[in-house]
Structure formats: structure tokens, C-alpha cells
Amino acid sequence: MKSLADLFRRCAVLSQQDRDAMLSGIHQKWDAEAVEEYGKWRTVKMEDGDTYYLNSVTREAMWENPAGVFLPGHYMRVKAIERLRDHGYVKGLGSRACIAFSSCSLDREIDDESEPSEWRLDLEAPETPWVSCA
């Protein structure tokens, strides 16, 4: 998810044409990575008829089909790219805010000479940790 957040930050400042070009390149790279990763796995049939999967490079083995393990993450990233191609969606993301605390105050500290010296932000943790904004 962090990589998707970083991708949004890079996309948000680009023109639509530059964003599309960047996202096309990233999409191609991610597709190649998925094909390469999935291609490392081999199906192995055991004598008793059970099937397991073996990574031909690392020799790691697992019972789950690698497509079910690796491809959902890839599809999630591809879906994110599709959404980031939509200018309205990107603009909407940039204007949203999520507030971590529902109660806060901004005060000036007063020094010995009764003059405001610096701003202090006091946050009170609410009973519900997140307030989401639409």
C-alpha cells in the first residue's frame, strides 16, 4: 500500500498526458514482474495424487496455487493504476483529508513577558480513533 501512496504523490502533480505515460510504463513493469514471478513456480504431483507448487529458483514449496497468492496483489495495483488515470479521481484524492483525532486545539504559548512566543497544537485522542472525511 505504501508504494501505491507514493505513486499517487508522484501522479498528483503531473499533467494528464505525463501521468498516463508514467502509469503505462509502471503497468508494463508490474505485468512483467507478475509474469516473471508466476513463471518461477512449477506444479508437482505427488505419488498420492496431491499437488504442491515449487519455486524453481528459491526451492520454496507451498500447497496454495501461486496464482491465488501473488496475483491478487498484482490485480489490486493494476486497479489502482486504472483509477489514477482518471483526473477527477486524482483531484478528489488530493482534496480529501482524514483527521486522526476528532478534537484538537491550537494555542499560543505565553512566555514570561506575556507575549505569544510559539504555536502549540494539543491533540485529544477520541474514543473512536479515526474520523473519515468524504
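Residues numbered from 1 in each chain as written. Predicted model: local features only at pLDDT ≥ 70, side-chain atom pairs only at ≥ 80, totals over all residues. Heavy atoms only, no water.

- With an unreviewed UniProt entry as reference, the chain is termed WW domain-containing protein, source organism Prorocentrum cordatum.

**Looking at the environment of Arg19**
Next, step 1: The topology assignment puts Arg19 in helix H2 (residues 16-39).
Next, step 2: Linking Arg19 and Arg85, residues 66 residues apart in sequence, is a C-alpha distance of 7.0 Å.
Next, step 3: In this structure Arg19 touches Cys11, Leu14, Leu84, His87 and Val90, once residues within four positions along its chain are discounted. (Helix = DSSP H or I, 4+ residues; strand = E, 2+ residues; numbered from the N terminus. Contact = heavy atoms within 4.5 Å.)

**As for the UniProt feature "domain: WW" (unreviewed entry) in the chain**
Next, step 1: The feature "domain: WW" (unreviewed entry), as annotated in UniProt, sits at residues 41-68 in this numbering.
Next, step 2: Taken as a whole, residues 41-68 contains 11% helix and 43% strand, while its terminal C-alpha atoms sit 12 Å from one another. (UniProt positions renumbered as here; feature names shortened; annotations may be inferred.)

**Focus: unusual backbone geometry**
Next, step 1: Positive phi, normally seen in glycine, also occurs at Arg59, with a value near 70°.
Next, step 2: Residue placement: Arg59 occurs in the loop between strand S2 (51-55) and strand S3 (61-62).
Next, step 3: Residue Arg59 is classed as exposed on the basis of its relative accessible area, which comes to 56%. (Buried < 20%, exposed > 50% of the residue type's maximum accessible area, 1.4 Å probe, protein only.)

**A short note on the sheet that holds S2**
In a beta sheet, neighbouring strands are held together by backbone hydrogen bonds and run either parallel or antiparallel to one another.
Next, step 1: The strand order S1-S2-S3 describes an open sheet built from three strands, whose pairing is antiparallel. The outermost strands of the open sheet, each flanked by one partner alone, are strand S1 (41-45) and S3.
Next, step 2: Judged from the five bridges that link them, S1 and S2 form a sheet pairing that is antiparallel. Bridge pairing in S2 places Thr43 opposite Tyr53. (Pairing = 2+ DSSP bridges.)

**Looking at the nonpolar core**
Next, step 1: Among the nonpolar cores identified, the biggest contains 11 residues, and these are Leu4, Leu7, Phe8, Cys11, Leu23, Ile26, Trp30, Ala80, Ile81, Leu84 and Val90.
Next, step 2: Secondary structure elements with two or more residues in this core: helix H1 (2-12), H2 and helix H3 (66-84).
Next, step 3: Examining the composition of this core, we find that four residues originate from one element, H1, more than from any other.
Next, step 4: Excluding anything up to four places from it in sequence, Ile26 contacts Leu7, Arg10 and Ile81. (Core = buried A, V, L, I, M, F, W, Y, C linked by side-chain atoms within 4.5 Å.)

**Quick notes on H2**
Next, step 1: Over its 24 residues, H2 runs 34 Å from end to end, which matches the ideal 34 Å to within 8%, given 1.5 Å per residue.
Next, step 2: Those residues of H2 that fall on the buried side of the exposure criterion are Arg19, Leu23, Ile26, Trp30 and Ala34. (Expected span 1.5 Å × (residues − 1).)

**Focus: the layout of surface pockets**
Empty space left among the atoms is revealed by rolling a probe the size of a water molecule over them.
Next, step 1: In this model, the largest pocket occupies a volume close to 320 Å³.
Next, step 2: For the largest pocket, the lining is made up of 11 residues, of which Leu4, Ala5, Phe8, Tyr89 and Leu93 are closest to its centre.
Next, step 3: Of the residues assigned to the lining of the largest pocket, the class counts are nine nonpolar, no polar and two charged. (1 Å grid on protein atoms, 1.4 Å probe; cavity = no way out; pocket = protein on both sides within 12 Å on 5 of 7 lines; lining within 4 Å. Points joined across faces, edges and corners; volume = space filled by probe spheres on them. Nonpolar A, V, L, I, M, F, W, Y, C, P; charged D, E, K, R; others polar.)

**So, the pattern of salt bridges**
Next, step 1: Under the counting rule described, the total for this entry stands at six salt bridges.
Next, step 2: One salt bridge in this structure joins Asp6 and Arg9, with 2.9 Å as the shortest N-O distance. Residue Asp6 and its partner Arg9 are located together in helix H1, separated by three residues, close to a single helical turn.
Next, step 3: The exposure class assigned to Arg9 is exposed, which follows from its relative accessible area of 51%.
Next, step 4: Two residues, Glu33 and Lys29, come together in a salt bridge whose shortest N-O distance is 3.5 Å. On the criterion of helical spacing, the pair formed by Glu33 and Lys29 is a turn pair, its members being four residues apart in helix H2.
Next, step 5: Assessed through its relative accessible area of 32%, Glu33 is described here as partly exposed.
Next, step 6: Residues participating in the shared-partner salt-bridge network are Lys29, Glu33 and Arg77. (Salt bridge = Lys/Arg side-chain N within 4 Å of Asp/Glu carboxyl O.)

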